[in-house]
Amino acid sequence: MKETLKKIFTNRFLYLALIVLVAMSALVLRLYRLQIIEGKPAASSGRVNTHSIELEAPRGNIYDCNGVLLATNRTAYEVLMVNVSGEQAERDEMYLNLIKLFEAHEDIYNNPLKRYLKSPDAWGVSIDGEDETEARANWISTVSEKKADREFLQSPAGAFRYLRDTVFKLDKKYSDEDAYKIMCLRYETYTNGLDSLRPTVIATDCCEKTMEILSARHLDFPGITTEKVYFRKYVNTECISQIIGYVRAISGEEYDELKDKGYSADDIIGKTGIEKSAEDYLRGTKGSRVVYKDKDGTVKQESYTAPVAGNDVYLTIDIELQKVSHDSLAANIKDIASRPDGKYNFGDCNAGSIVVSDVNTGNVLAMVSYPGFDNSIFVQPSADEAAQQAITDLFADKNSPGLNRATQGLYSIGSTIKPLISIAALETGKVTTKNEVRCQGVTTINGRKHTCLSSHGYLNLEYAIAKSCNIFFYDTGIKTGIDVIDDYAEMFGLGEKTGIEIAEYEGFRSNPETMELKETDKTHKWTDSDTAQTSIGQLYTSFTPLQVNRYVSAIANGGYLNTPHVIGSISSSSGGLVYSAEAERKKIDVSDWSLSVVRQGMLTMSKTNGTIKTVLKDYPEGFISAKTGTVETGDNTTSSNGVFMCYAPSDKPQIAITVVVEHGVYGGYVIPSISGTIDTYFGNAFKTRSVSSGSLHMTISSVTNIINNPPG
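Here the structure is a predicted model, which is why all the values come from computation and not from measurement.

Scoring rules and cut-offs
- Residues numbered from 1 in each chain as written.
- Predicted model: local features only at pLDDT ≥ 70, side-chain atom pairs only at ≥ 80, totals over all residues.
- Heavy atoms only, no water.
- Core = buried A, V, L, I, M, F, W, Y, C linked by side-chain atoms within 4.5 Å.
- Buried < 20%, exposed > 50% of the residue type's maximum accessible area, 1.4 Å probe, protein only.
- 1 Å grid on protein atoms, 1.4 Å probe; cavity = no way out; pocket = protein on both sides within 12 Å on 5 of 7 lines; lining within 4 Å.
- Points joined across faces, edges and corners; volume = space filled by probe spheres on them.
- Helix = DSSP H or I, 4+ residues; strand = E, 2+ residues; numbered from the N terminus.
- Nonpolar A, V, L, I, M, F, W, Y, C, P; charged D, E, K, R; others polar.
- Phe/Tyr/Trp six-rings, centres within 6.5 Å; stacked < 30°, edge-to-face > 60°.
- Lys NZ or Arg CZ within 6 Å of the ring centre and 35° of its normal.
- Patch = residues over 30% accessible without salt bridge, like charges linked within 9 Å, V, L, I, M, F, W, Y side chains within 5 Å.
- Areas by Shrake-Rupley, 256 points an atom, 1.4 Å probe, with all protein chains shown as cover.
- Salt bridge = Lys/Arg side-chain N within 4 Å of Asp/Glu carboxyl O.
- Lys, Arg positive; Asp, Glu negative; His and termini not counted.
- Charge placed at Lys NZ, Arg CZ, Asp CG, Glu CD.
- Pairing = 2+ DSSP bridges.
- Expected span 1.5 Å × (residues − 1).
- Polar contact = N/O pair within 3.5 Å; in protein donor to acceptor, adjacent residues only side chain to side chain.
- Contact = heavy atoms within 4.5 Å.

**Points about the nonpolar core**
- One finds Leu 420, Ile 423, Phe 473, Phe 492, Tyr 551, Ile 555 and Met 602 to be the most contacted residues of the largest nonpolar core, which totals 47 residues.
- Among the nonpolar cores identified, the runner-up in size contains 40 residues, and Val 79, Tyr 162, Phe 168 and Leu 170 belong to it.

**Re the layout of surface pockets**
- Looking at the second largest pocket, its volume works out to about 720 Å³.
- For the lining of the second largest pocket, the elements supplying multiple residues, two or more each, are strand 18 (448–451), helix 17 (470–480) and helix 20 (528–534).
- Among the elements that line the lining of the second largest pocket, the one with the most residues is strand 18, at four residues.
- Here the residues of the lining of the second largest pocket are counted per class, giving eight nonpolar, 17 polar and five charged.

**Observations regarding the packing of aromatic side chains**
- Going through the model one piece at a time under the given rule, you end up with 21 aromatic pairs.
- Their ring planes at 10 degrees and their centres at 5.3 Å tell us that Tyr 116 and Trp 139 sit as a pair that is stacked. Taken as a pair, Tyr 116 in the loop between strand 4 (108–109) and strand 5 (117–119) and Trp 139 in helix 4 (residues 133–143) lie far apart in primary sequence, 23 residues in all.
- Judged by relative accessible area, which is 4%, Trp 139 ranks as buried.
- For the ring pair Phe 472 and Phe 473, a centre distance of 5.2 Å and an interplane angle of 65 degrees mean the geometry is edge-to-face. When sorted by exposure, Phe 472 lands in the same class as Phe 473, which is buried.
- Ring pairing ties together the aromatic residues Tyr 116, Trp 123, Trp 139, Phe 168, Tyr 187 and Tyr 190, which thus form one cluster.
- Across from the ring centre of Tyr 669, 5.2 Å away, lies the NZ or CZ of Arg 339, which sits over that ring.

**So, a negative patch on the surface**
- Residues Asp 483, Asp 487, Glu 513 and Glu 516 make up a contiguous surface patch of negative charge.
- When residues of the negative patch are traced back to their parent elements, those giving at least two are helix 18 (482–491) and helix 19 (512–518).
- Mapped onto the elements of the fold, Glu 516 is located in helix 19.

**Observations concerning the pairing of strand 17 (residues 442–445)**
- In terms of strand pairing, strand 17 meets strand 18 through four bridges, oriented antiparallel. Paired with Val 442 across the two strands is Thr 451, which belongs to strand 18.

**A closer look at helix 12 (residues 319–337)**
- An ideal rise of 1.5 Å per residue puts 27 Å on 19 residues; helix 12 measures up with 27 Å between its terminal C-alpha atoms.
- Ile 319, Leu 321, Gln 322, Ser 325, His 326, Ser 328, Leu 329, Ala 330, Asn 332, Ile 333, Asp 335 and Ile 336 are the residues of helix 12 that are buried.
- Two or three places before Glu 320, at the start of helix 12, stands the capping residue Asp 318, its side-chain oxygen 3.0 Å from that residue's backbone nitrogen.

**Focus: helix 15 (residues 418–427)**
- By the criterion of burial, helix 15 is predominantly enclosed, with nine of the 10 residues buried.
- Listing the buried residues of helix 15 in full gives Lys 418, Pro 419, Leu 420, Ile 421, Ser 422, Ile 423, Ala 424, Ala 425 and Leu 426.
- Downstream of helix 15 by one or two residues, Gly 429 has phi in the positive range, about 75 degrees.

**Side note on unusual backbone geometry**
- Look at the link from Tyr 370 to Pro 371: it is a cis peptide, with omega at 0 degrees.
- Note on placement: Pro 371 falls in the loop between strand 15 (364–370) and helix 13 (385–396).
- Of note, the amide linkage connecting Ala 648 to Pro 649 takes the cis form, showing an omega dihedral of -15 degrees.
- By the element assignment, Pro 649 lies in the loop between strand 25 (641–648) and strand 26 (655–662).
- At Ser 468, a residue that is not glycine, the phi angle is positive and equals roughly 55 degrees.
- Residues other than glycine seldom take positive phi values, yet Leu 539 does so here, at roughly 60 degrees.
- In this fold, Leu 539 is placed in the loop between helix 20 and helix 21 (545–556).
- Overall, the relative accessible area of 32% leaves Leu 539 in the partly exposed class.

**Considering the environment of Leu 101**
- Inspection of the secondary structure puts Leu 101 in helix 3 (residues 88–104).
- For the pair formed by Leu 101 and Cys 206, sequence separation is 105 residues and the distance between their alpha carbons is 9.9 Å.
- Among residues more than four places away in sequence, those in contact with Leu 101 are Asp 107, Thr 210, Ile 213 and Leu 214.

**Re the pattern of salt bridges**
- Applying the stated criterion across every chain yields a total of 27 salt bridges.
- Linking Arg 509 and Asp 486 is a salt bridge whose minimum nitrogen-to-oxygen distance equals 2.9 Å. Here Arg 509, found in the loop between helix 18 and helix 19, pairs with Asp 486, found in helix 18; they are 23 residues apart in sequence, far enough to count as distant.
- You can call Arg 509 buried: its relative accessible area is 13%.
- Of the residues examined, Asp 486 reaches a relative accessible area of 14% and is grouped as buried.
- Residues Lys 687 and Asp 679 are paired through a salt bridge, measuring 3.6 Å at the closest nitrogen-oxygen approach.

**Comments concerning empty space enclosed by the protein**
- Under the definition given, this model contains three cavities of 30 Å³ or more.
- One number sums up the size of the second largest cavity: a volume of about 60 Å³.
- Forming the walls of the second largest cavity are Ile 417, Leu 420, Ile 485, Asp 486, Ala 489, Arg 509, Ser 510, Thr 534, Thr 541 and Phe 543.
- Looking at the lining of the second largest cavity element by element, the count peaks at three residues for helix 18.
- Of the residues belonging to the lining of the second largest cavity, the class tally is five nonpolar, three polar and two charged.

Below, the structure is given as structure tokens:
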């Protein structure tokens, strides 16, 4: 036994095993203490917890086709506060200094108390007035520490005094004005609490000077930090407001749909126009700042991920052409409204649209909807009462400035449909260029009286288009048949969505199916009289100006239906190309011969129309090929709508222009709307003589009394 023990205690391997066992035991005990007792891995044993702060990313810019800035961002700073140790009296002094700093720089800071008390002696908007007695009682009940105290809060002055002395216990050295300022921030922490790690936003829109002062004097403002934020800024966009659109706070419904994409409940998103349709591109990628608190209470940064700016969108729109087209249209509308006659013109002309596109690519070069609005009102803070009232007025305006009439306005297009009726009739052999119809100014179809604006005598197709003879097209439409007309209207994209990137309406083609939708009298069956009305662009016809522009482009370019684009390209914030629009066009099953016949009729119309000659007096005769349209509005107290479409130059078309003017009286009255567009796009390239520095007003006035040709 003695020998055995001796061998054991003299064995070197035994001692080595014991040393290893002791070391392993010590390590296990240390890990147990770190992971179980202290609850954190060894690498972060000194941290109590962490919090990730989202960092806003700047939204992408929007430019016109030449790189002119239309929408960008204004950089500002939000101020955040966390709970730190210290006496409440010291915090009150800091709160007062903060508010004074904000006010000195006109910064936007949170004041939840203002909803209930807007000053020491006035109720806030949420509980002011006799109608808000219940809301006021509920608020008083909320802030009262005892039920018996409610009697002291029945007046605004009493409520202020109660909050100051009983709830917040502010030092008597403060004036009521200063006490109210302190209470603004105290009420924020009173209602929502204040965490030592998760910051509370107390100011949302502060200038760089405020940020610099807070950073330099951080010891005077313990627990206060700043983060960069961005606010949308629009640059001279009233002439293009409906295309650009606007941004606003995300709604609850939108958040439910988008939260899986990383959106927060307080995000700003695009609501209309390009801001909405390009939201996925314009929206940047948020960054983050992860902070943690040491055991001694010090908050430190663990990691930082920089936000990534959104992509930049370049439109197909030329803003110079857009402005000129807008101004030409606006001036023409005002001129028409200024000349009421009480018979045809009731002085009610007030709105319209003009669309200009490249006939070969479909790119939209200008798209005006008048009247417009100021996009900037939507990016003003909620405290800006003037901006909020402007938003309310905008949505209440009977002229609907927020509506993009170019893509969402639905109009009967009158005689501008006659080239389409001609194509359908020629393609199906229902008429030839030699066919003539006698116009005596009136005809009866299915017992209904149908009229023309004049008695044209015998007309062939070319002059029926040029003179816009209703009688000819009643006859031609009936011969062709509503089914064929409807097929060709669909082929030319009428009553169909165009595929443009922004919101648009489909519209309606006038046909028996639409009659079933529109008519309350289900006993009414489609007749030749309905086909006749459809053949002059009325009855149930409802198309957008963009659809009409697409249609006339197809006539001009040899029968290709373009997909219009308003977005040309998209680039990353670093300059890389993300997207580039390509021309998309579909060949319509229509012969060159039919198109040439129609083009000749539109050219003859241009050459024989006195208004066109006057408006384009500095250009060669027949520089444009055109068609007018006059659309009755249904009663004898409102003016008819005016429609006009054309392409230029006639021999080698480059652009198509469509104009629709609500209550524009006649199609011929709206022709001056194109003068600025033609001059700006073509410059002096096609002018036959030098032009003096005349104004658009002079151009409009010069055609005021033209009556040579009754407008179609």
